[in-house]
Amino acid sequence: MPTLTLPRLLFLSVLLRAILFFHGLYQDAHSTLKYTDIDYYVFTDASRALSQGQSPYVRETYRYTPLLAYILYPTVFPGWFSFGKLFFALSDIVAGWGIYRILRRTVSERQALWYAATCWLLNPMVATISTRGSSEGLLGVMVIGMLWAAVAGQAVLAGVLLGLATHFKIYPVIYAPAILLWLENDPAFRLNAQWVLGFTTRKRLAFSITALATFLGLNLAMYAMYGEAFLQHTYFHHVVRLDHRHNFSPYNILLYLVSSPAGHSEVPFAKVAFLPQMLLSAVLIPLVGAKRDLAGTMFAQTFAFVAFNKVCTSQYFMWYIVLLPFLLPYSSFMQNWKLGLAALGFWVLGQAAWLSQGYELEFLGKSVFFPGLWAASLGFFAINCWLLGVFVEDVMKRDAVGKVKTR
């Protein structure tokens, strides 16, 4: 059997995505069940609006930065409709190459290739999502690039990429505290008054200023072009959104109950549901893990953010899967394969249980809200909480080995 090398891995990654891409074209042309993600039609409709001199927000349900519509502008040209899918697939591959490069700082060539391949580059779920037209791979490139810059001590580049990523989707802001903690080598780190007084350093200032300047600069430019619609659809909508379809979150039933105007006015929890998730993902986890292992901490942060989010869909899993290769080499689930298989099995079964109830509700019209859908949501949340506990414990067992030398 030929030895796996980086060129071979990248070739197989391209081949996998090419097969899925052409299969998608065939399925779209011959089946009533379309392969292309509905979001891709939203993206391309927004690009078409731009080509006609209109705002991308004339397309209902476009909840993204106008930059995405500009990036996909070639899709308005005849024969170029699939440009975005190819671009997102290429982004996937670039992110996978970045995963390999970061892994090589701490693990062997063989391990780096194996983890990059199984978690991302040859992961059929990842390849399918990008070739269907989801933009998660593009955000993955930004996050991986930001991580590489941070571990290499490139504070300015890390700040620019954080500002860019947060402009595209607000959740990467949770990485700011972890990167700030990581940027300076404080071997005797203790959260006390003396450490707080000495926290401000040149690297941390450079990172903070460039991140804030990039984020504000892009937002001011977009606001100047599209006004309140940009702020409402790109940011404010996500604070008060009440999506309950395809939502694994334990908030699912509550979102359904308050989705009417009357219910919404009585239960304003949708506006504050982000508080526990932000406390956990942006404050507590960075404090206990960032100085030990930045990459593993970022994975745990993202896992917590998705698990505690009031809207949790399968596409959001991509946010933490791209960081999974960095925690696996020292994870308890890899050291104890029985525990690892059990964890994977529970995670898959938790989703399967919810999807079975969701299918009966959304396709068969059965009222399975209680106890079926409610119990499935709580069960999946409980599984995620258990997994998160193990992940955080694994990070906390790390020592200074997480702070590797830069090349």
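This is a predicted model, so every value here is computed, not measured.

Attention now moves to the packing of helix 16 (residues 294-308) against helix 21 (residues 369-396). Taken N-terminus to C-terminus, the directions of helix 16 and helix 21 make an angle of 165°; their axes are 10 Å apart at the nearest point. Between helix 16 and helix 21, the angle is such that the two are roughly antiparallel. Here the hand of the crossing between helix 16 and helix 21 comes out left-handed. Contacts from Gly296, Thr297, Phe299, Ala300, Phe303, Ala304, Ala307 and Phe308 in helix 16 reach Phe381, Asn384, Cys385, Leu387, Leu388, Phe391, Val392 and Val395 in helix 21. Across the contact of helix 16 with helix 21, the residue classes break down as 13 nonpolar, three polar and no charged.

Now for helix 5 (residues 109-121). Helical periodicity: at 3.6 residues per turn, an α-helix aligns residues three or four positions apart in one direction. Taking 1.5 Å per residue, 13 residues should reach 18 Å; helix 5 reaches only 15 Å between its end C-alpha atoms and comes up short. Turning to helix 5, its buried residues are Ala112, Leu113, Tyr115, Ala116, Ala117, Cys119, Trp120 and Leu121. On the buried face of helix 5, the contacting elements are helix 1 (6-30), helix 4 (83-103), helix 6 (124-131), helix 17 (317-321), helix 18 (324-327) and helix 19 (332-335).

Attention now moves to the packing of helix 9 (residues 175-182) against helix 15 (residues 274-289). For the pair helix 9 and helix 15, the least separation of the axes is 8 Å and the interaxial angle reads 25°. Classed by the angle they form, the pair helix 9 and helix 15 counts as roughly parallel. As helix 9 packs across helix 15, the resulting crossing turns out to be right-handed. Taking contact as the criterion, the partners of Pro177, Ala178 and Leu181 in helix 9 are, on helix 15, Ala282, Pro286 and Leu287. Classifying every residue of the contact of helix 9 with helix 15 gives six nonpolar, no polar and no charged.

As a further point, take the pattern of salt bridges. Applying the stated criterion to the full structure yields eight salt bridges. The partner of Lys85 in a salt bridge is Asp28, with the nearest N and O atoms 3.7 Å apart. Here Asp28 lies in helix 1 and Lys85 lies in helix 4, a separation of 57 residues in the sequence. Of the two residues examined, Lys85 and Asp28, each falls in the buried class. Residue Glu136 is joined to Lys169 by a salt bridge in which the shortest nitrogen-to-oxygen separation is 2.7 Å. Of this pair, Glu136 sits in helix 7 (residues 136-151) while Lys169 is found in the loop between helix 8 (155-168) and helix 9, placing the two residues 33 residues apart along the sequence. By relative accessible area, which is 4% here, Glu136 ends up buried. Owing to a relative accessible area of 18%, Lys169 belongs among the buried residues under this scheme.

In this structure the tally under the stated criterion is 32 aromatic pairs. A ring pair is formed by Phe230 and Tyr235, whose centres lie 5.7 Å apart and whose planes are at 80°; its orientation type is edge-to-face. Relative accessible area serves as the criterion here: at 0%, Phe230 is assigned to the buried category. Between the aromatic rings of Phe317 and Tyr320, the centroid separation amounts to 5.9 Å while the plane-to-plane angle is 40°, which identifies the pairing as tilted. Here Phe317 pairs with Tyr320, and both are found in helix 17, just three residues apart, close to one helical turn. Residues Phe317 and Tyr320 agree in their burial class; the two are buried. Within the aromatic cluster, the residues linked to one another by ring pairs are Phe299, Phe303, Phe317, Tyr320, Phe333, Phe346, Trp347, Phe380, Trp386 and Phe391. Between the NZ or CZ atom of Lys85 and the centre of the ring of Tyr40, over which it lies, the distance is 5.6 Å.

Here we come to the environment of Ala229. Assignment of secondary structure puts Ala229 in helix 12 (residues 228-240). On the basis of relative accessibility, which here comes to 29%, the residue Ala229 falls in the partly exposed class. Remark: the alpha-carbon pair of Ala229 and Pro56, spanning 173 residues in sequence, is separated by 9.6 Å.

Take the environment of Pro74 next. Checked against the element boundaries, Pro74 lands in the loop between helix 3 (66-71) and helix 4. Residues Pro74 and Arg48, spaced 26 residues apart in sequence, show a C-alpha to C-alpha distance of 9.4 Å. Each residue touching Pro74, except ones within four places of it in the same chain, is listed here: Trp80 and Phe83.

Under the present numbering, the feature "transmembrane region" (unreviewed entry) in UniProt falls on residues 9-26, 80-100, 112-131, 137-164, 205-226, 302-327, 339-356 and 368-392. Along residues 80-100 one finds 86% helix and 0% strand; the C-alpha atoms at either end are 31 Å apart.

So, on to a nonpolar patch on the surface. On the surface, Leu4, Phe11, Leu12, Leu15, Ile19 and Leu122 cluster together into a nonpolar patch covering about 520 Å² of accessible area. Tracing the chain through its elements places Leu122 in the loop between helix 5 and helix 6.

With respect to the secondary-structure elements, Thr131 resides in helix 6. The buried category is assigned to Thr131, whose relative accessible area is 2%. Engagement of the side chain of Thr131 in a polar contact is seen with the side chain of Tyr35, the distance being 2.6 Å. Engagement of the side chain of Thr131 in a polar contact is seen with the backbone oxygen of Thr128, the distance being 3.2 Å. In this structure Thr131 touches Arg17, Leu20, Phe21, Tyr35, Lys85 and Ala89, once residues within four positions along its chain are discounted.

Here is what the cut-offs are and how they apply
- Along each chain, residues carry numbers from 1 onward, in the same order as the chain's sequence is written.
- With the structure being a predicted model, the display of local features is reserved for residues of pLDDT at least 70 and the display and counting of side-chain atom pairs for 80 or more, all residues being used for whole-chain, interface and lining totals.
- Side-chain measures here rest on the full set of heavy atoms in the structure, leaving out hydrogens and waters.
- Each axis is a line fitted through C-alpha atoms, and for a helix only the stretch in contact is used; angles between axes span 0 to 180 degrees, taken between their N-to-C directions.
- Counting from the N terminus, the helices are DSSP H or I runs at least four residues long and the strands are E runs at least two residues long.
- Small angles under 35 degrees read as roughly parallel and large ones over 145 as roughly antiparallel, with 65 to 115 read as roughly perpendicular and the rest as oblique.
- It is the rotation of the near helix from the far one that decides the hand of a crossing: anticlockwise by less than a right angle makes it left-handed, clockwise makes it right-handed.
- Two residues qualify as a contact provided that any one of their heavy atoms is within 4.5 Å of a heavy atom in the partner residue.
- Residues are sorted three ways: Asp, Glu, Lys and Arg are charged, Ala, Val, Leu, Ile, Met, Phe, Trp, Tyr, Cys and Pro are nonpolar, and all the rest, Gly among them, are polar.
- Multiply 1.5 Å by the residue count of a helix minus one, and that product is the helix's expected span.
- Whether a residue is buried, partly exposed or exposed follows from its accessible area with a 1.4 Å probe, protein chains only, as a fraction of its type maximum: under 20%, in between, or over 50%, in that order.
- Salt bridge, as used here, is a side-chain nitrogen of Lys or Arg placed within 4 Å of a carboxyl oxygen of Asp or Glu.
- Note on aromatic pairs: the rings of Phe, Tyr and Trp (six-membered ring only in Trp) are paired at centre separations within 6.5 Å, and the planes decide the class, stacked below 30 degrees, edge-to-face beyond 60, tilted for the rest.
- Placement of a positive charge over a ring is assigned whenever Lys NZ or Arg CZ falls within 6 Å of the ring centre and within 35 degrees of the normal to the ring plane.
- UniProt positions are given in the numbering used here, feature names are shortened, and annotations may be inferred rather than shown by experiment.
- A residue counts toward a patch only above 30% relative accessible area and without a salt bridge, and it is joined to like-charged neighbours within 9 Å or, for Val, Leu, Ile, Met, Phe, Trp and Tyr, to nonpolar neighbours within 5 Å.
- Exposure was quantified through the Shrake-Rupley algorithm and a 1.4 Å probe, taking into account, for residues, occlusion by the shown protein chains and nothing else.
- Side-chain atoms alone can form a polar contact between residues adjacent in sequence; in general such a contact is a pair of N or O atoms within 3.5 Å, and within protein one must be able to donate a hydrogen while the other accepts it.

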